[in-house]
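Each chain is listed here by its residues.
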Amino acid sequence: MKRGYFSSKFDFIFPAFWYNVFGMNSRNVPLALVHDVFSLDPGILVSAGIRVLLMDLDNTLVPYGMEKPEPRAKEFVDSLKAAGIVPMICSNGLSKRVAGLANALGIEARGFLRKPCSGPLRALIQKKHWDKKEVLFVGDQIQTDVRAANGAGIRVLLSDPLWPKEPIWTKINRIFEKPKRKKVNLLLKDKDWKEAISQ
């Protein structure tokens, strides 16, 4: 049996428990903070060597529960493609809804990704033959998005949630995540995302 088998399983089943018992560590820390994914400038991303932008779905790219993308999401995705960046949704959400939103945006998606487990994300990167240095992840949760991206060895930016409505399991995660987010905000408050991805 591979080392870390049980911890990787419990990482998915009880993310709000296992990784708050042990407090902060480097896997909880994003590269930088952004207000939202729409704050990202495709031209700056390209200049920093980013060729693939992986995005969480709910409360990162669209408000939670929305069945159709907002116009700004479509405009942002189109601007990425125009700049030569491959946009993709990477969500823990049900595959059918995720696929429907992705189709409406004209991009690929992976649902039920089991974040914070990093294995599925690593497998996706390997399958696509992407260079990890050219991949950037954006998400609104430390517990899932930041941990999965860091575990997969790719850069990650932490955004604010688009709006307050969330499922109960996310609200539970937010309770445990709150002290970590305070520490991250203090640590990265003066770090500009544009400079961070260019280093």
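Notes on the structure follow. (Residues numbered from 1 in each chain as written. Predicted model: local features only at pLDDT ≥ 70, side-chain atom pairs only at ≥ 80, totals over all residues. Heavy atoms only, no water.)

Considerations on the overall build of the protein
And step 1. In terms of regular secondary structure, the protein is built from nine helices and six strands.
And step 2. Relative to its full complement of 199 residues, the protein shows a buried share of 45%.
And step 3. Within the protein, residue pairs in contact and separated by at least 24 positions form 71% of the contacts whose partners lie at least 6 positions apart. (Helix = DSSP H or I, 4+ residues; strand = E, 2+ residues; numbered from the N terminus. Buried < 20%, exposed > 50% of the residue type's maximum accessible area, 1.4 Å probe, protein only. Contact = heavy atoms within 4.5 Å.)

Digging into helix H8 (residues 168–188)
And step 1. An ideal rise of 1.5 Å per residue puts 30 Å on 21 residues; H8 measures up with 28 Å between its terminal C-alpha atoms.
And step 2. In H8, a bend of some 50 degrees at Glu177 exceeds every other bend along the element, and Pro179, a proline, comes one to four places later. (Expected span 1.5 Å × (residues − 1). Bend = angle between axes of the 7 residues up to and from the residue.)

Brief notes about helix H7 (residues 142–152)
And step 1. Of all the 11 residues making up H7, nine are buried; the element is thus mostly covered by neighbouring parts of the structure.
And step 2. What H7 keeps buried is the set Ile142, Gln143, Thr144, Asp145, Val146, Arg147, Ala148, Ala149 and Ala152.
And step 3. Just beyond H7, the residue with positive phi is Gly153, at close to 80 degrees.

What to know about a nonpolar patch on the surface
And step 1. Taken together, the side chains of Ile168, Trp169, Ile172, Ile175 and Phe176 make up a nonpolar region of the molecular surface, amounting to roughly 560 Å² of accessible area.
And step 2. Mapped onto the fold, Ile175 is located in helix H8. (Patch = residues over 30% accessible without salt bridge, like charges linked within 9 Å, V, L, I, M, F, W, Y side chains within 5 Å. Areas by Shrake-Rupley, 256 points an atom, 1.4 Å probe, with all protein chains shown as cover. Salt bridge = Lys/Arg side-chain N within 4 Å of Asp/Glu carboxyl O.)

Some remarks on the packing of H7 against H8
And step 1. The N-to-C vectors of H7 and H8 enclose an angle of 60 degrees; their axes lie 10 Å apart at closest approach. When the axes of H7 and H8 are compared, the pair comes out oblique. Counted together, Ile142, Gln143 and Thr144 of H7 and Asn173, Glu177, Lys180, Arg181 and Val184 of H8 form the full contact between these two elements.
And step 2. Its residues placed into classes, the contact of H7 with H8 shows two nonpolar, three polar and three charged. (Axes fitted to C-alpha atoms, helices over the stretch in contact; angles between N-to-C directions. Parallel < 35°, antiparallel > 145°, perpendicular 65-115°, else oblique. Nonpolar A, V, L, I, M, F, W, Y, C, P; charged D, E, K, R; others polar.)

Focus: the environment of Glu166
And step 1. Assignment of secondary structure puts Glu166 in the loop between strand S6 (155–159) and H8.
And step 2. Contacts of Glu166, omitting those with residues within four sequence positions, involve Asn59, Tyr64, Asp140, Pro161, Lys171 and Arg174.

Concerning unusual backbone geometry
And step 1. That bond from Lys115 to Pro116 is cis: its omega, 20 degrees, falls within 30 degrees of zero.
And step 2. Inspection of the secondary structure puts Pro116 in the loop between strand S4 (108–110) and helix H6 (119–128).
And step 3. Although it is not a glycine, Asn59 sits at a positive phi angle of roughly 65 degrees.
And step 4. Its place among the elements puts Asn59 in the loop between strand S2 (52–55) and helix H4 (71–82).
And step 5. In this model, His129 sits at a positive phi of 60 degrees, which is unusual for a non-glycine residue.
And step 6. Taking relative accessible area as the criterion, His129 reaches 71% and is therefore assigned exposed.

Overview of the pattern of salt bridges
And step 1. Counted by the stated rule, this structure contains 11 salt bridges.
And step 2. Lys128 serves as the salt-bridge partner of Glu108, at 2.9 Å between the closest nitrogen and oxygen. One end of the pair, Glu108, is in strand S4; the other, Lys128, is in helix H6, and 20 residues separate them in sequence.
And step 3. For Glu108, a relative accessible area of 37% corresponds to the partly exposed category.
And step 4. The class of Lys128 is partly exposed, set by a relative accessible area of 26%.
And step 5. Between Glu177 and Arg181 there is a salt bridge, with its nearest N and O atoms 3.5 Å apart. One end of the pair, Glu177, and the other, Arg181, are both in helix H8, four residues apart, so they sit about a helical turn from each other.
And step 6. Owing to a relative accessible area of 13%, Arg181 belongs among the buried residues under this scheme.
And step 7. One continuous salt-bridge network, built from bridges that share partners, spans Asp56, Lys115 and Asp145.

Some points on the side chain of Asp56
And step 1. For Asp56, the position within the fold is in the loop between S2 and H4.
And step 2. Separated by 2.9 Å, the side chains of Asp56 and Lys115 make a polar contact.
And step 3. Not counting residues within four places of it along the chain, the set of residues in contact with Asp56 comprises Leu61, Cys90, Ser91, Lys115, Phe137, Val138, Gly139, Asp140 and Asp145. (Polar contact = N/O pair within 3.5 Å; in protein donor to acceptor, adjacent residues only side chain to side chain.)

Any link to function would need more than the numbers given here.
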